[in-house]
Amino acid sequence: MAYKLNDRNYYNNREMSWLQFNYRVIQEAIDPNNPLLERLKFLAITSSNLDEFFMVRVAGLKDQVKMNYHEPDTKTQLTPGQQLRGIGELNRENSKVQYEYYHKLKDELARYNIYFRHPHELPEHLRLELEDIFNSEIYPSLTPLGIDAYRPFPKLKNKKINIFVNLSDDIGDQTAIVQLPTVIRRFYEMQDGEDTYYVLTEDIIETYIEKLFKGYRIDRTFPFRITRNADLTIHEEGAADLLIEIERFLKERTKGAAVRLEIDISKDPTINGSFLRSELDLHDDDVYKFDGPLDLTFLFELSSRLKERLPHLVYQPFVPQEPKFLGSQNIYEQALDEDIFFHHPFESFEPIVDFMKEAAEDPDVLAIKQTLYRVSSDSPVIDALKRAAENDKQVTVLVELKARFDEENNVQWAKELEDAGCHVIYGMHYLKTHSKITLVVKRVKGRIVRYVHLGTGNYNDSTAKQYTDMGVITTDPNIGIDAINFFNYLSGYSLKPEYHSLHVAPFEIRDLFGESIDREIELHKENGNGYIFAKMNSLTDKKVINKLLQASQEGVKVDLVIRGICCLKPGIEGVSDNIRVISIVGRFLEHSRIYYFNHNGEEKMYLSSADMMTRNMIKRVEILFPINDPKILDELKSINRLYLMDNIKARAQKPDGTYQYVKNAYEPVSAQDELMRRAESYGREQQVQKENELLLKVRQRFKKRKR
């Protein structure tokens, strides 16, 4: 069969697809079914997402243009310059909606006597109080930076808010900049009876800025912010110590070229920022003007402050439950009998922490080996590893120093672990180790048992409450041998091992996907029941996409649940009409990766740390692992069906690449809400069972006493 694969109209551009995902986050701020303070947080998430997008993706495209690299992308055939223009157009549309709803949500806060105000809009007694705050707290930390022949344009910090000042005296016009210091807060709260006023620090500085420039007239002020290129190269080749090289790299990142200029034009719509644009070597398309405050990430802190006062305006509290597959016996004893499945944040991450803590203290544990990509700021996992080393366990930890924007934290963790006596590996040459695996080697009744935890998400107890992730603890002998070989490969010098059960990137995971799709096509031709399900964060790899298109054209049904980027367009007649793509954006960040192939009833189910992205499958060390336990397989199939039934938070991609909310005949279903309900229901059942067991013990003791 001649497959239809090469038309650029069958694909979405990666960057435009990401911006569509960020719009879906904005939609959560629009959705009136979400509590008000949560909607504000979604606006903050959108801004935070966009900062990283510009620092990395846009910066990379701008570098290509500067180097006269005009090769089109392999899917949509857009050159770097065309992609930058498309990004500018789509992002301006997104930002317009974002700020429109920022103002609407501000108005909704007014119903609760909460107001955003400029200093001149406050009652007089509060203006006087605010001036005292400026004089005592803000003014001493400010440094006005004049710009002239003797004072060159300053090297402004990445993502920090600045005030641009046009001023004059009898001699002529001058220009200055005042940067908001990191040490001062972003906004101030003022109480007046039942009314609460919030005043942004940049507005306070603008109001009293003449105090910084005595003898001059202030002609105009406006806030601005620059975003710098953070997509710099870590020079691994020849680095005597990668730890030192990473520390050098972190200093260089703050000095990257400007890639975006943001301007607050709410007080003066005529501002064009031409002087700043020229000094920063930016083009018109790099300038974004907003009718409102810059950097809406301050809404995180605002929501946090208000949630105790207005608890009905946040999500109802959800406590992660005890895992359904975790019995009453010790986790190490249970793992000898069966695999144990975990589904966070619906189920607690605590058993994973306990798994580590117990290993650290158990005298029968000989060694612990683990990969760490991102961990929390006060990590109990790190504490357990340090404690294990103190207890003379053989502890080996791969700390990925190249985890983007976590490099500084990971450098610190690496030093602490080394000081505690752990053997620390910094990663692999030119590859990021993104796999999530822990190996505990323990002596059990005179024999050595390998306990392996494999997961889709980081060993981070903080994000485990916000990200949907899955994991398994197993004593499967083949996986245990694979884990030993995997860690030996990372820590020593050897050829890449042959694995029994695990599939390890680079290359192996993509090879498996290709082989599995081909097998599904073959079996479908014979039996007519071909089916593929895949859930992931992003789909970008053209080889895998082409295989999925081939499967669709042969009649195989394909369901894809993809939170973010999807470079495949579904529903194109004769090309991808057997493929459905949905994206779910909701209370929790969808992060688990699930891959399923029907294989005419010989079902193959895998979980992985890897997306179907070229960078994951070719440029990273990732693990894809099989689900062998029939009970866990059934549980995953049930979860998969639930995602496909979602008609509240799910958006379906149309053949033109745009998304619309799913409409189907089911009763209203939110997958995340239903998974919370199931977890709580099972948690209540467990609690009743424990209470009944306790009651039975009490009765038995009472009977003994009577005798």
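Quantities reported herein were computed from a predicted structural model and do not represent experimental measurements. (Residues numbered from 1 in each chain as written. Predicted model: local features only at pLDDT ≥ 70, side-chain atom pairs only at ≥ 80, totals over all residues. Heavy atoms only, no water.)

**Comments concerning the environment of E400**
Now for step 1: Here E400 lies in the loop between β12 (394–399) and α12 (407–419).
Now for step 2: Residue classification places E400 among the buried residues on the basis of a relative accessible area of 0%.
Now for step 3: Separated by 213 residues in sequence, E400 and F187 place their C-alpha atoms 36 Å apart.
Now for step 4: Discounting residues that sit within four places of it in the chain, E400 has contacts with L372, Y373, N410, Y426, G427, L431, K432 and T433.
Now for step 5: A polar contact is formed between the side chain of E400 and the backbone nitrogen of T433, at a distance of 2.7 Å. (Helix = DSSP H or I, 4+ residues; strand = E, 2+ residues; numbered from the N terminus. Buried < 20%, exposed > 50% of the residue type's maximum accessible area, 1.4 Å probe, protein only. Contact = heavy atoms within 4.5 Å. Polar contact = N/O pair within 3.5 Å; in protein donor to acceptor, adjacent residues only side chain to side chain.)

**Let's talk about the sheet that holds strand β5 (residues 187–192)**
Now for step 1: Spatially, β1-β6-β5 is the arrangement adopted by the three strands of the open sheet, whose pairing is mixed. Looking along the sheet, the strands with just one partner apiece sit at the ends: β1 (114–116) and β5. Geometrically, the sheet is characterised by an average inter-axis angle of 25° between neighbouring strands, direction not taken into account.
Now for step 2: Across six bridges, β5 lies against strand β6 (residues 195–200) in antiparallel orientation. Opposite M190, over in β6, you have Y197 as the bridge partner.
Now for step 3: Lying on the sheet, helix α4 (residues 124–138) is in contact with β5 and β6; it crosses β5 at an angle near 145°.
Now for step 4: The strands touched by helix α8 (residues 298–306) within the sheet are β1, β5 and β6, with β5 carrying the most contacts at an inclination of about 35°. (Pairing = 2+ DSSP bridges. Axes fitted to C-alpha atoms, helices over the stretch in contact; angles between N-to-C directions.)

**Observations concerning the pattern of salt bridges**
Oppositely charged side chains can form a pair if their charged atoms are brought close together.
Now for step 1: Tallied over the entire structure, the rule returns 38 salt bridges.
Now for step 2: Residue K211 pairs with E131 through a salt bridge whose shortest N-O separation is 2.8 Å. With K211 in the loop between α5 (201–207) and β7 (217–228) and E131 in helix α4, this residue pair connects regions lying 80 residues apart in the sequence.
Now for step 3: When its relative accessible area of 26% is taken as the criterion, E131 is described as partly exposed.
Now for step 4: Between E522 and R519 there is a salt bridge whose closest N-O contact spans 3.7 Å. Highlighted residues: E522 and R519, both in helix α14 (residues 508–527), separated by three residues, approximately one helical turn.
Now for step 5: Residue R519 is classed as partly exposed on the basis of its relative accessible area, which comes to 37%.
Now for step 6: It is possible to trace a salt-bridge network through shared partners that takes in D51, R225, R260, E262 and D295. (Salt bridge = Lys/Arg side-chain N within 4 Å of Asp/Glu carboxyl O.)

**Side note on the sheet that holds strand β8 (residues 258–264)**
Now for step 1: Within the open sheet, the six strands sit side by side as β2-β4-β3-β7-β8-β9. Their pairing is mixed. In this open sheet, the two strands that pair with only one neighbour each are β2 (144–147) and β9 (287–290). Pairs of neighbouring strands in the sheet enclose a mean axial angle of 30°, with direction left out of account.
Now for step 2: With eight bridges connecting them, strand β3 (residues 161–168) and β7 associate as antiparallel partners.

**Some words on the packing of helix α11 (residues 380–390) against α12**
Now for step 1: Closest axis-to-axis distance for the α11/α12 pair is 9 Å, and the angle between their directions is 25°. Here α11 is positioned roughly parallel relative to α12, judged by the angle of their axes. Where α11 crosses over α12, the two elements pack in a sense that is right-handed. Along the contact surface, α11 presents I382, L385 and K386, while α12 presents W413, E416 and L417.
Now for step 2: Residues that form the contact of α11 with α12 fall into these classes: four nonpolar, no polar and two charged. (Parallel < 35°, antiparallel > 145°, perpendicular 65-115°, else oblique. Left-handed = near helix turned anticlockwise from the far one by under 90°. Nonpolar A, V, L, I, M, F, W, Y, C, P; charged D, E, K, R; others polar.)

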